[in-house]
Amino acid sequence: MGAIEEVYEDLDTEVEFEEFEAAVEDKVEQMGGLADEETAAMLIAHELRDEEADTIADIEPGMNEVKFLGKVTAIGEVRTFERDDDEAEEGRVCNVDVADASGSVRVALWDDMAAAAEEELEVGQVLRVMGRPKEGYSGLEVSADKVEPDEDAEVDVQVLDTYRVEDLTLGASDVDLVGQVLDTDSIRTFDRDDGSEGRVANLTVGDETGRVRVTLWDGKADLAEEFDPGEVVEVGDGYVRERDGDLELHVGDRGTVERVDEDVEYVPETTDIADLEIGETVDVAGGVIETDPKRTFDRDDGSEGQVRNVRIKDETGEIRVALWGDKADREIELADRVVFTDVEIQDGWQDDLEASANWRSTVSVLEGEGDAADAAGGGRSGDDRDADETGLGAFAEDGRKAAAEAVAGEGGEDEASGAGGAAAATAEQSGEAVEFTGTVVQTGDPVVLDDGQRTKTVETDASLRLGEEITVRGPERDGTIDADDVF
């Protein structure tokens, strides 16, 4: 047995011996006599081992050639194109998505293989693929040199007609997903390497299994401005990519986002404010007890940024939330109940914790009939709630008590149930004069005071400073004190 045969015998590969032997002879010729047959055979064997892909997740751009097994999850249309050589025949290409348990990849089939795919391939078939990986327009793809069906092989991949958020996996393509719009962002532009301008926008959708950020490219970016939070949409022909460790659903030229008449439940899993710790990225929710005006600032690159602070309270505590960029433009008012997702907990002013809502965060203002009245203390009790109310609506109802206490000034269970609580409620309804002492936690119009247990909004022309302790006296109507005296 010769040197080439011995190396080939030790090699676990599907490459035929004749193909391996020809590659060795080419390697000897390329190296100009610097390597004998045994050395060249070992070099070829090393290259083949490097290019064997155990799973689709092992495939990387730049590999010379890879071989892998995958199940067909989608078959595109055959498209034609003109070659550079005017006399050459028209070219054909068909994109086929294949997947295994580790992920999914797009395989480009050319000319005769494209024609055969249109006639013979079916979704669910298992293929053995050999080809060259590269970075394509929609991410990693493999330009196929050889494709063969393998009827005996099994690949554990579920082919879905419609995905849920929890079904998304890195590399999945032709994804159809129905979800509730939780937040939208404005359109941004960027410069491509070829000098052209690109456009991108985002929206976040959720269903009963979770939420995902949807990235809309170029012509699809305008879709972000067509939808409002709370609407239900269907994302079609999306593909899954990863950013900063999180999966995103991308929509390119082939993709769609359309409004649909379906019911989708999304229930946020929020963390109690009292349990927050610095360094966490969490979801929080509560009633708004303080709002600051929007501020602008100059970034290091000369561009202008903006930020706005709001303070929220739940049944366990309160925290300031910093809204950066487009988030600062969201319409958030006192007594609103808001869910903030993916906020970073940081060390804030005067050693107080602060939640930072950045580009990846979502802001959902919970709406419903009679919110203003309910927030002022006249809402339905939990027993009056419709038993079928779920999702964000149910969360809004669960958070009603904290928002009412924080904004309208209910003093807790003992006060509300005692004579003092009844007297306070009567005074507020009749507009009788009340006296309240607290710390200024918001200046401007209105002023907001907090005494550690209750928060009051105050109408006054007095010049006040944050952190100042004052007493106000005047008639109270609908939760606001019209201050005649400030001292």
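Just above, that's the structure.
Residues numbered from 1 in each chain as written. Predicted model: local features only at pLDDT ≥ 70, side-chain atom pairs only at ≥ 80, totals over all residues. Heavy atoms only, no water.

Undergrad: Even after reading the chapter, I still don't get the packing of aromatic side chains, so can you show me in this structure?
TA: The geometry of an aromatic ring pair is captured by two quantities: the separation of the ring centres and the angle between the planes. Evaluation of the coordinates by the stated rule reveals five aromatic pairs. Ring plane angle 75 degrees and centroid distance 5.3 Å describe the contact between Y8 and F17, whose orientation is recorded as edge-to-face. Exposure remark for Y8: the relative accessible area of 17% places this residue in the buried category. Between the aromatic rings of F81 and W110, the centroid separation amounts to 5.9 Å while the plane-to-plane angle is 85 degrees, which identifies the pairing as edge-to-face. Linking F81 in strand 2 (residues 79-81) with W110 in strand 4 (residues 103-110), this pair joins segments that are 29 residues apart in sequence. Judged by relative accessible area, which is 29%, W110 ranks as partly exposed. Through successive ring pairs, a cluster of aromatic residues spans Y8, F17 and F20. Of note, R243 hangs over the ring of W359, and the distance from its end group to the ring centre comes to 4.0 Å. (Phe/Tyr/Trp six-rings, centres within 6.5 Å; stacked < 30°, edge-to-face > 60°. Buried < 20%, exposed > 50% of the residue type's maximum accessible area, 1.4 Å probe, protein only. Helix = DSSP H or I, 4+ residues; strand = E, 2+ residues; numbered from the N terminus. Lys NZ or Arg CZ within 6 Å of the ring centre and 35° of its normal.)

Undergrad: What's the story with the pairing of strand 11 (residues 232-243) in this structure? I'm lost.
TA: Two faces make up the sheet, and in a regular strand the side chains alternate between them. In this sheet, strand 11 lies alongside strand 7 (residues 175-184) in antiparallel orientation, the contact comprising five bridges. Considered in strand 11, the bridge of L177 is made with V235. Inspection of the sheet shows strand 11 paired to strand 12 (residues 246-251) by five bridges, in the antiparallel sense. For R243, the partnering residue across the bridge sits in strand 12 and is D246. In this antiparallel pair of consecutive strands, strand 11 and strand 12, the connection spans two residues, and D244 shows a positive phi of 50 degrees. (Pairing = 2+ DSSP bridges.)

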